[in-house]
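Observations on chain architecture
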Amino acid sequence: FPMGGISGAPFVGKTGFRAFSSHVPDDGNIIILFGPHVGISESGEVGDCLRPGQTKTSTACGAIVGAYKAVMSGSAGAGSDPSAYDKQMDWIISQIAPHAGEISKT
């Protein structure tokens, strides 16, 4: 049952969890695995990968890299533009923002 969204986080919320729970057999179990993917290029660059059929590397996970860059540039106004309706990216930014300074030191 797909639950994901950008960044590998399960964005289905309470309604989605209830929906997939109704598919579990009586006395059954649910296992949830999630996490962002991180690419490593052939040259060892963390956050870059060459995807099959493409000639240039791209970021992986692009959503997390984009959120980090937005925070570091000062353009990350999570939730500041309601017309943007970008709830998943807003959430990722809110998770990255408190740690961006430390991340930048690595």
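Now for a quick tour of the structure. Just so it is clear, the model here is predicted, and its values are computed rather than measured.

What follows deals with the layout of surface pockets. Volume-wise, the largest pocket comes out at about 190 Å³. Looking at the largest pocket, the residues that line it are His37, Val38, Val46, Gly47, Asp48, Thr59, Ala60, Cys61, Ile64, Val65 and Lys69. Looking at the lining of the largest pocket element by element, the count peaks at 3 residues for helix α2 (residues 62-73).

Attention now moves to the packing of α2 against helix α3 (residues 87-96). Put simply, α2 and α3 touch, their axes get as near as 9 Å, and they point 65 degrees apart. Pair α2 / α3 crosses with right-handed handedness. For the pair α2 and α3, the contacting residues are Ala63, Ile64, Ala67, Tyr68 and Val71 in the first and Met89, Ile92, Ile93 and Ile96 in the second. Taken together, the residues of the contact of α2 with α3 sort by class into 9 nonpolar, no polar and no charged.

Residue placement: Ser41 occurs in the loop between α1 (13-21) and β1 (48-49). Side-chain polar atoms of Ser41 contact the side chain of Ser43, separated by 3.0 Å. A polar contact is formed between the side chain of Ser41 and the backbone nitrogen of Glu45, at a distance of 3.0 Å.

The rules behind these values
- Residues numbered from 1 in each chain as written.
- Predicted model: local features only at pLDDT ≥ 70, side-chain atom pairs only at ≥ 80, totals over all residues.
- Heavy atoms only, no water.
- 1 Å grid on protein atoms, 1.4 Å probe; cavity = no way out; pocket = protein on both sides within 12 Å on 5 of 7 lines; lining within 4 Å.
- Points joined across faces, edges and corners; volume = space filled by probe spheres on them.
- Helix = DSSP H or I, 4+ residues; strand = E, 2+ residues; numbered from the N terminus.
- Axes fitted to C-alpha atoms, helices over the stretch in contact; angles between N-to-C directions.
- Left-handed = near helix turned anticlockwise from the far one by under 90°.
- Contact = heavy atoms within 4.5 Å.
- Nonpolar A, V, L, I, M, F, W, Y, C, P; charged D, E, K, R; others polar.
- Polar contact = N/O pair within 3.5 Å; in protein donor to acceptor, adjacent residues only side chain to side chain.

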